[in-house]
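Chain residues, written in single-letter form:
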Amino acid sequence: MIPVFDLRRQYESIREEIDQAIARVLERGRFILGEEVAAFEHEFAAFCGVAHTVGVGSGTEALHLALRACGIGPGDEVITVSHTAVATVAAIELAGARPVLVDVDPRRYTMDPTKVEERITPSTRAILPVHLYGCPADLEPLLEIARRHHLVVIEDCAQAHGALYKGRPVGSWGDIAAFSFYPTKNLGACGDGGAVVTNDLALAERVRLLREYGWAERYVSHIRGLNSRLDELQAAILRVKLRHLEDWNEQRRRIAAMYREYLADAASRWGLVLPEEPEDARHVYHLYVVRHPRRDALRRFLEERGIGTLIHYPVPVHLQPAYADLGYPAGSLPVTEALSREVLSLPMYPELADEEVRMVSETLCAFGEGTV
């Protein structure tokens, strides 16, 4: 079996470092908002090219707190995409705002800037692009639209740790940004975790208040907050992994180049669509996502031969039962809906062996050629 993710391999590669980091926290005896969180916040801010990082409980909470720090709440609208993890839309609704959904670009699979302006209303307060699969959204036109309409830009960087747009890290372009450290991310904890990053000191300080009951001093709430704290164990683990992240991202890019080489013939001969890397971006391949009209048959073919796959995402947010009241009937976001029928995530992680990449690719090609 070649799994789509294999977190055990990553742990084995840095076992001694991880074990030492965990032991350090256990011996110190402080588990919430201590030295490890403070050090990680400093190190991750430097990695992202921003002034401030605030560690929080999850990627969803990072988005939620970023929205609230920007003053977004009931009666406000936030423009985002339907082709994303449902967490993006859930965070908007947690803040009390209304998600307004637009279609995605058919090449990048991220927010289509040409679709945004037509959805702006007097209630619009923010644009929330998602850097999906490790590919940065096309930010400059979105920022220009935001400036003209006096809107906040909140980047969802949950799948793009280390990705670059025009030479600058994602998360450093908008007013504020959110990261997830879910275990399978390019930078993943051993549990839930997230972070908000920004260059705006006032926003950072507001997130710090919001993440712990609005406390500026213990047990005194200056604003109404909640409990969303990155814990010391996760921060210690993330500090170890952050030191390896650039190497891991380069390995992901090398694996993606191998897939492109092995699958080029399949792409030209039987309609397999490979992910593209825009000229203005550095893709970090959180996922390696191909497309094919017979996606479900292809997935069965691969799994019968021991190759794991996943679908990111099989049902767009606007067509899920829980979000039917948003008012987007089938056909309203055609690119998003086409992607949901065709995308398939292949195995992708830094420890994937060259021989495994070759085996996955050869099996894909066998499907296209109608052979076993």
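Read on for a plain summary of the structure. Per-chain numbering applies: the sequence of each chain, read as written, is numbered from 1 onward. pLDDT decides what is reported in this predicted model: residues at 70 or higher carry local features, side-chain atom pairs at 80 or more are listed and counted, and totals for whole chains, interfaces and linings draw on all residues regardless. Only hydrogens and water are removed before side-chain values are computed, so all heavy atoms of the structure are retained for them.

### Let's talk about the packing of aromatic side chains
Part 1 of the reasoning: Between the rings of Phe, Tyr and Trp (Trp by its six-membered ring), a pair exists once the centres lie within 6.5 Å; its type follows the angle of the planes, with under 30 degrees stacked, over 60 edge-to-face, and the other angles tilted. What the rule picks out here adds up to 13 aromatic pairs.
Part 2 of the reasoning: Both rings, one in Tyr-213 and one in Trp-215, keep their centres 5.0 Å apart while their planes meet at 50°; by these two values the pair is tilted.
Part 3 of the reasoning: For the exposure calls, accessible area comes from a 1.4 Å probe over protein chains only, and a residue counts as buried if that area is under 20% of its type's maximum, exposed if over 50%, partly exposed in between. In this structure Tyr-213 comes out as partly exposed when scored by relative accessible area, which is 31%.
Part 4 of the reasoning: In this structure Trp-215 comes out as buried when scored by relative accessible area, which is 17%.
Part 5 of the reasoning: Aromatic ring contacts, followed pair by pair, group Phe-40, Phe-44, Phe-47, Phe-179 and Phe-181 into a single cluster.
Part 6 of the reasoning: Over the aromatic face of Trp-173 sits the side chain of Arg-168, whose NZ or CZ is 4.0 Å from the ring centroid. Remark: a charge is flagged as sitting over a ring if the NZ atom of Lys or the CZ atom of Arg is within 6 Å of the ring centre and within 35 degrees of the ring normal.

### Here's the deal with the packing of helix 8 (residues 232-269) against helix 11 (residues 354-369)
Part 1 of the reasoning: Interaxial distance between helix 8 and helix 11 falls to 10 Å at its minimum, and their mutual angle equals 15°. Here helix 8 lies roughly parallel to helix 11, going by the angle between them. The handedness of the crossing between helix 8 and helix 11 comes out as right-handed. Between helix 8 and helix 11, the residues in contact are Arg-254, Ile-255, Met-258, Tyr-259, Tyr-262, Leu-263, Ala-266 and Arg-269 and Asp-354, Val-357, Arg-358, Val-360, Ser-361, Leu-364, Cys-365 and Glu-369, respectively.
Part 2 of the reasoning: Lys, Arg, Asp and Glu make up the charged group, whereas Ala, Val, Leu, Ile, Met, Phe, Trp, Tyr, Cys and Pro make up the nonpolar group; the residues left over, Gly among them, are polar. Its residues assigned to classes, the contact of helix 8 with helix 11 comprises ten nonpolar, one polar and five charged. A fitted line through C-alpha atoms represents every axis, and for helices the fit uses only the stretch in contact; the resulting angles, taken between N-to-C directions, go from 0 to 180 degrees. Only DSSP runs of H or I covering at least 4 residues are called helices, and only runs of E covering at least 2 are called strands; the numbering of each starts at the N terminus. Here the word oblique covers every angle except those under 35 degrees (roughly parallel), over 145 (roughly antiparallel) and from 65 to 115 (roughly perpendicular). Each crossing gets its hand from how the near helix is turned against the far one by less than a right angle, where anticlockwise is left-handed and clockwise is right-handed. Contact between two residues is taken to exist if any of their heavy atoms lie within 4.5 Å; hydrogens are not considered.

### Quick notes on the layout of surface pockets
Empty pockets left among the atoms are what a rolling probe the size of a water molecule brings to light.
Part 1 of the reasoning: In this analysis a 1.4 Å probe is tested at points of a 1 Å grid over the protein atoms alone, and where it fits but cannot get out there is a cavity; an open set with protein on both sides within 12 Å along at least five of seven lines is a pocket; lining residues have an atom within 4 Å of a point. Grid points are joined across faces, edges and corners, and a volume is the space filled by probe spheres set on the points. By volume, the largest pocket is sized at about 390 Å³.
Part 2 of the reasoning: Considering the residues around the largest pocket, the lining is formed by 24 residues, among which Ala-85, Ala-158, Gln-159, Lys-185 and Tyr-313 are closest to the centre.
Part 3 of the reasoning: Residue assignment for the lining of the largest pocket shows that the elements contributing at least two residues are helix 4 (59-69), helix 5 (86-94) and strand 8 (176-180).
Part 4 of the reasoning: For the lining of the largest pocket, the element with the most residues is helix 4, which contributes three residues.
Part 5 of the reasoning: For the lining of the largest pocket, the residue count by class is eleven nonpolar, ten polar and three charged.

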